[in-house]
Amino acid sequence: MIPAAFDYLRAHTADEAFAYLQQHGAEARVLAGGQSLIPAMRFRLARPAVLVDINSLSDLSYVRIDGKAMALGAIARDVEIERAPWITDRRWSLIHDMSRVVADPVVRQMGTVVGSLCHNDPAGDWPAVALAARAEVVVRGKAGTRHVAIDDFLVDSFTTATGEGEMALGAEFPVPDERTAGSYQKVERKVGDFATAAAAVQVSLNENGTIRSAGVALSAAGACAVRVDAAEKLLAGQKPSAELIRAASDAAWHRSAPQADLRGSVEFKKHLAGVLVARGLRQAFSRLGVQA
Amino acid sequence: MKVHVKVNGVSYERDVEARTLLAYFLREDCRLTGTHVGCDTSSCGCCVVVMDGEKAVKSCSMFAAQADGHEILTVEGLAQGGKLHALQQGFWDQHGLQCGFCTPGMLMTAYALLKHNAAPTEADIREGLAGNLCRCTGYQNIVKSVQQAAGALREAVAAT
């Protein structure tokens, strides 16, 4: 189908994009990679009256490690993460795993990280990863620019904390400690599909081998990506073990509240949530040289 | 709105609606029907074209307005001077197609893949083409076709 008619505005600077968004408010949507928005417009699930194209804002295409954070701009593409020289470092393994299974290789040429967070699809990949990695989104509003913790940013299905006339300028992922590894486990029907179920995990170890901190999140397990608080709490301070992994896996099963659809029943998806968290933790520990 | 796109080296300036998708711009405004529309929603890859020489994009999920000022290569632009491109020759020799509907997208995705990686492994090719669906061949011969082309292109570079 052809999308409903709209006015197309191309921004040449972030200021210009922001001015357009302020002017058109709820009528306007930002066009970044367009790999979710354009299909949604074609199905007429989205009918924005105005599109503000930010693809010309080359100063927002950056992906850089800036001291404490990996910072990326609003039009940084998935492919740039996948090919970043630092991505193979163990501490980025969660994002590395995910960068190879998000959408498909052609869609990754256009699709953007920040756009994916803003789209906030309940079965998307980036929101769960951003939760496990404790990312922040940089939002520009009338009162200036603010950092929004990912837990506060992901409000509900296809809804974020970006208000009317506001614009997400970028996202920041904290640089993990040296003794950190992660894993992204996704079950999908075919390459490029949304997750039937997926688990994002990231663990940091203390020098004595106990778990300093853990991030555990699920996709396709609720209205939007969910953090498995109970698993994170029970992992912290403990030594990796099979029993610990089983307990975290049970917590994921409890926390998962998926919708049944063509990809699977509620029972199946809940089962997968538990299995995938266990697999993810085992892989993350193994990447840290720990058998559990 | 006016858009100015260079397609296969030829400039096209057309007045289009903002909602015109690049795939339809190519097919209907430029009359280049080699770019196919399959699923129409970014899943199948039949509509892949190459933007600015090296980036494979799904033209059904991009507006013509976004291509304004850019260069697009479609399947019609692959053969030069009546001679098939190494990829087209590969698909011919290795029987990389049956019905041919997915072929333009396969060729253009493979073109961008080889620009980025001149010596891909079989796994690289399978992974690189994962966003392109073929319902006939089972992919085996498509992979062989791209392997042949990669070899031929490397030889051509070595010979110069």
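In this text the structure is predicted, and so the values were computed from the model without any measurement.

Chemist: Could you clarify how one ought to interpret the overall build of chain A in this entry?
Modeler: What chain A contains, in helices and strands, is 11 helices and 14 strands. For 292 residues, the compact-globule estimate of 2.2 N^0.38 gives 19 Å, and the C-alpha radius of gyration of chain A, at 19 Å, lies within 12% of that figure. Taking the principal axes of the C-alpha coordinates as reference, chain A spans close to 55 × 45 × 35 Å. Within the span of chain A, comprising 292 residues, buried residues form 55% of the whole. For chain A, restricting intrachain contacts to residue pairs at least 6 apart in sequence, the fraction spanning at least 24 positions comes to 66%.

Chemist: Please clarify how helix α5 (residues 140–159) of chain B should be interpreted in this entry.
Modeler: Residues spaced three or four apart along an α-helix point in a common direction, a consequence of the helix completing one turn every 3.6 residues. All names here are of chain B. Here α5 contains 20 residues, and its C-alpha end-to-end distance of 29 Å stays within 8% of the 28 Å for a straight helix at 1.5 Å per residue. For α5, every residue scored as buried is listed here: I142, V143, S145, V146, A149 and A150. The buried residues of α5 occupy an angular sector of 155° when projected down its axis, which confines them to one face. Exposed residues on α5 whose side chains face more than 90 degrees from its buried face are Q140, E155, A158 and A159. Structurally, α5 contributes buried residues whose contacts are with α2 (86–93), α3 (103–116) and α4 (122–128).

Chemist: Just to check I follow, could you spell out the sheet that holds strand β1 (residues 7–10) of chain A for this structure?
Modeler: Each strand in a sheet pairs with another by means of backbone hydrogen bonds, the pair being arranged parallel or else antiparallel. Residues and elements named next belong to chain A. If you walk across this open sheet you meet the three strands as β1-β3-β2, and the pairing is parallel. The open sheet has two free edges, formed respectively by β1 and β2 (28–31), since each of these has just one partner strand. Between one strand axis and the next, the sheet turns by 25° as a mean value, whatever way the strands run. Across four bridges, β1 lies against strand β3 (residues 50–53) in parallel orientation. Across the sheet, R10 pairs through a bridge with D53, a residue of β3. In the packing of helix α1 (residues 14–24) onto the sheet, contacts are made with β1, β2 and β3, and the angle to β3 comes to roughly 165°.

Chemist: I tried to follow the interface of chain A and chain B on my own but got confused; where do I start?
Modeler: Often, the extent of an interface is quoted as the loss of accessible area on bringing the components together. Listed as interface residues are 21 residues of chain A and, on the opposing side, 23 residues of chain B. Of all the secondary structure elements, the ones that give two or more residues to the side of chain A that touches chain B are β1, α2 (37–42) and α5 (107–110) of chain A. Split into classes, the residues belonging to the side of chain A that touches chain B amount to 12 nonpolar, five polar and four charged.

Chemist: I keep staring at helix α1 (residues 22–29) of chain B and nothing clicks. Help me out?
Modeler: Residues and elements named next belong to chain B. For α1, the complete set of buried residues consists of L22, A23, Y24, F25 and L26. The secondary structure elements touched by the buried residues of α1 are β1 (2–7) and β3 (48–51). Where α1 terminates, the next one or two residues include R31, which has phi positive at roughly 60°.

Chemist: Explain the packing of α2 of chain B against α5 of chain B here, please?
Modeler: What describes two packed helices is the angle between their axes and the distance between those same axes. All names here are of chain B. As a packed pair, α2 and α5 sit with axes 8 Å apart at the nearest point and diverge in direction by 140°. Relative to α5, the element α2 lies oblique. The crossing of α2 and α5 is right-handed. In this structure, α2 uses A86, L87, G90, F91 and D93 to contact α5, whose residues at the interface are S145, V146, Q148, A149, A152 and L153. When its residues are assigned to classes, the contact of α2 with α5 shows seven nonpolar, three polar and one charged.

Criteria and thresholds
Residues numbered from 1 in each chain as written. Chains lettered and ligands numbered in written order. Predicted model: local features only at pLDDT ≥ 70, side-chain atom pairs only at ≥ 80, totals over all residues. Helix = DSSP H or I, 4+ residues; strand = E, 2+ residues; numbered from the N terminus. Rg over C-alpha atoms; globule rule 2.2 N^0.38 Å. Buried ≥ 20, exposed ≤ 12 C-beta atoms within 10 Å, placed from the backbone. Contact = placed C-beta atoms within 7 Å. Expected span 1.5 Å × (residues − 1). Arc of directions from axis to C-beta. Pairing = 2+ DSSP bridges. Axes fitted to C-alpha atoms, helices over the stretch in contact; angles between N-to-C directions. Nonpolar A, V, L, I, M, F, W, Y, C, P; charged D, E, K, R; others polar. Parallel < 35°, antiparallel > 145°, perpendicular 65-115°, else oblique. Left-handed = near helix turned anticlockwise from the far one by under 90°.

The values reported here are purely geometric and, on their own, carry no functional implication.
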